[in-house]
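# Analysis of the macromolecular model
Each chain, written out:
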Amino acid sequence: MRLLTHNMLSSNIKGVTNGFPLLIEVEKVVEKQVDFNEDFLRNMFAKIEWKALVKASRTMGYTELPENSEASMLNSDEFLRKFHHALLELHLEEGALVCPETGRKFPVNKGIPNMLLHEDEV
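Computed from a predicted model, the values in this text were never measured in an experiment. (Residues numbered from 1 in each chain as written. Predicted model: local features only at pLDDT ≥ 70, side-chain atom pairs only at ≥ 80, totals over all residues. Heavy atoms only, no water.)

### Digging into the nonpolar core
Among the nonpolar cores identified, the biggest contains 31 residues, and Trp-50, Leu-53, Phe-83, Leu-87 and Leu-97 are the most heavily contacted of them. For this core, the elements supplying multiple residues, two or more each, are α1 (3–6), α2 (38–45), α3 (50–59), α4 (77–89), β2 (90–98) and β3 (105–109). Counting residues per element, this core draws most heavily on α4, at six residues. (Core = buried A, V, L, I, M, F, W, Y, C linked by side-chain atoms within 4.5 Å. Buried < 20%, exposed > 50% of the residue type's maximum accessible area, 1.4 Å probe, protein only. Helix = DSSP H or I, 4+ residues; strand = E, 2+ residues; numbered from the N terminus.)

### Focus: the packing of α2 against α4
For the pair α2 and α4, the least separation of the axes is 10 Å and the interaxial angle reads 75°. Accordingly, the angle class assigned to the pair α2 and α4 is roughly perpendicular. Of the residues in α4, those in contact with Glu-38, Phe-40, Leu-41, Arg-42 and Phe-45 of α2 are Asp-77, Phe-79, Leu-80, Phe-83, His-84, Leu-87 and Leu-88. Grouping the amino acids of the contact of α2 with α4 by side-chain chemistry returns eight nonpolar, one polar and three charged. (Axes fitted to C-alpha atoms, helices over the stretch in contact; angles between N-to-C directions. Parallel < 35°, antiparallel > 145°, perpendicular 65-115°, else oblique. Contact = heavy atoms within 4.5 Å. Nonpolar A, V, L, I, M, F, W, Y, C, P; charged D, E, K, R; others polar.)

### Brief notes about the pattern of salt bridges
Inspection of the entire model under this criterion finds eight salt bridges. Across the pair Glu-121 and Arg-104 runs a salt bridge, and its minimum N-O distance is 2.8 Å. Placement of the pair is Glu-121 in the segment after β4 (112–113) and Arg-104 in the loop between β2 and β3, with a sequence separation of 17 residues. For Glu-121, a relative accessible area of 9% puts it in the buried group. Accessibility expressed as a relative area gives 14% for Arg-104, which makes it buried. Linked through salt bridges whose partners overlap, the residues forming this network are Glu-64, Glu-78 and Lys-82. (Salt bridge = Lys/Arg side-chain N within 4 Å of Asp/Glu carboxyl O.)

Right, dumping it as structure tokens:
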């Protein structure tokens, strides 16, 4: 699971008001090469919750993203490459996503998060 996906997911358990960002429990991280696309990164930048991306990338062992960001950073090739790596090339292969409010764990197996709710959570 890419951090791009993680940045878009939240816990939808009945009664949960603070289901974002999901915490990450890492068992296995893999890096997968993805073609660099500046236009895609520039378009996605405004849609990304930056603090959640930074926290998730650090949980997965990548510490190169700055704590804060601003649109002017999109003019830096170095910044774009770090953003690209964190957003698209880091993959949570095995582990879990954890609801920040309830502690409910959603397993991630072979890079696929299982966000299905139990009957009593709907």
